[in-house]
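Descriptive structure summary
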Amino acid sequence: FVTGKRKATEVAHAVWRSIIRKGDTVVDATCGNGNDTLALLKMVADERGQGRVYGIDIQDSAIESTSCFLNMAVDDDRERELVKLFPVCHSRMEDIVPKDSPVRLVAFNLGYLPGGDKTVITVPRTTELALQAASRLLNSGGLISVLVYIGHPGGRDELNVVESFASSLPINTWVSCKLQMLNRPIAPVLILLNKK
Ligand code: SAM
């Protein structure tokens, strides 16, 4: 997954690509400017118009930014309509995703919106609630992917919460692991939680 990749997001996308199949339902729990949403859309969209990306962000401006980005980047209207965007806290993702939709992947890219309001930032309490919700929604064989930024104030506290959630998952049903760039000490940390 890491060969030739310098950015943690590229590594995350490579991991997602190995799990996601065409036609899957996935959740982008922090859509921000829409880069991850677009990557997920390209992984799930199939020629029969199947696949679904539920995109969530607490900021209206992020939802607008994602929507504009998708309008620019995706020519096919039918494909773009596979993305459903919701301006809510990700701790409420169970109110959005239909109960009968098996979810293959829930992606978190924590922190603040690049180029946006840096005071609106993911916080440990709602991140933990969202991880609990994601763990209930996820289908067997699926993945929760959490990219945690540690360079800003509060980043390491959030990493502690994510790591303690990951460590508490039962070993008979979950594999939890952590990918960290040892020669780049403040690079984001990727936590991967695979449900058996
Ligand atoms: N994935 C994005 C992309 O590809 O551009 C980048 C995400 S950015 C690092 C983090 C996002 O999390 C911000 O847009 C912020 O508004 C959002 N956020 C913060 N708290 C949130 C919450 N409680 N629920 C959902 N989104 C939240």
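Rules behind the numbers
- Residues numbered from 1 in each chain as written.
- Predicted model: local features only at pLDDT ≥ 70, side-chain atom pairs only at ≥ 80, totals over all residues.
- Heavy atoms only, no water.
- 1 Å grid on protein atoms, 1.4 Å probe; cavity = no way out; pocket = protein on both sides within 12 Å on 5 of 7 lines; lining within 4 Å.
- Points joined across faces, edges and corners; volume = space filled by probe spheres on them.
- Helix = DSSP H or I, 4+ residues; strand = E, 2+ residues; numbered from the N terminus.
- Nonpolar A, V, L, I, M, F, W, Y, C, P; charged D, E, K, R; others polar.
- Near = heavy atom within 4 Å.
- Polar contact = N/O pair within 3.5 Å; in protein donor to acceptor, adjacent residues only side chain to side chain.
- Areas by Shrake-Rupley, 256 points an atom, 1.4 Å probe, with all protein chains shown as cover.
- Core = buried A, V, L, I, M, F, W, Y, C linked by side-chain atoms within 4.5 Å.
- Buried < 20%, exposed > 50% of the residue type's maximum accessible area, 1.4 Å probe, protein only.
- Contact = heavy atoms within 4.5 Å.
- Pairing = 2+ DSSP bridges.

Going by an unreviewed UniProt entry, the protein carries the name rRNA methylase YtqB and comes from Eleusine coracana subsp. coracana.

Focus: the layout of surface pockets
Of the volumes computed, that of the largest pocket is approximately 780 Å³. What lines the largest pocket is a set of 38 residues, and nearest its centre among them are Asn109, Leu110, Gly111, Tyr112 and Pro114. The biggest single contributor to the lining of the largest pocket is helix α1 (residues 8-19), with three residues. Of the residues that constitute the lining of the largest pocket, the class distribution is 18 nonpolar, 15 polar and five charged.

Some words on the site of the ligand
Neighbouring the ligand are 22 residues; Thr30, Asp36, Asp57, Gln59 and His90 lie closest to it. The contact in question runs from a nitrogen atom of the ligand to an N or O atom on the backbone of Thr30, over 2.8 Å. The side chain of Gln59 places a nitrogen or oxygen atom 2.8 Å from an oxygen atom of the ligand. In the complex, 96% of the free accessible area of the ligand, which totals 600 Å², lies under the protein chains. In terms of residue class, the shell around the ligand is built from nine nonpolar, 11 polar and two charged.

A word on the nonpolar core
Within the largest apolar cluster, 31 residues are counted, with the highest numbers of intra-cluster contacts made by Met93, Val106, Phe108, Ile144, Val146 and Ile191. Of the residues forming this core, the biggest block, five residues, is contributed by helix α5 (residues 124-137). In this view, Val106 contacts Val27, Ala29, Met93, Ala134, Leu138, Leu143, Ile144 and Ser145; residues no more than four positions away in its chain are not counted. The next biggest cluster of nonpolar side chains, apart from the first, holds 25 residues, and it includes Val15, Leu38, Ala45 and Leu105.

Comments concerning the pairing of strand β7 (residues 189-195)
The buried fraction of β7 amounts to six of the seven residues, a majority that puts the element mostly inside the structure. Judged from the six bridges that link them, strand β5 (residues 138-148) and β7 form a sheet pairing that is antiparallel. Counted as the bridge partner of Ile144 is Leu193 from β7. With six bridges connecting them, strand β6 (residues 174-179) and β7 associate as antiparallel partners. Looking at β7, one finds that Ser176 is bridged to Leu193.

Concerning the side chain of His152
For His152, the location among the structural elements is in the loop between β5 and α6 (155-168). Taking relative accessible area as the criterion, His152 reaches 14% and is therefore assigned buried. His152 has contacts with Gly111, Tyr112 and Ile121, leaving out every residue within four places of it along the chain.

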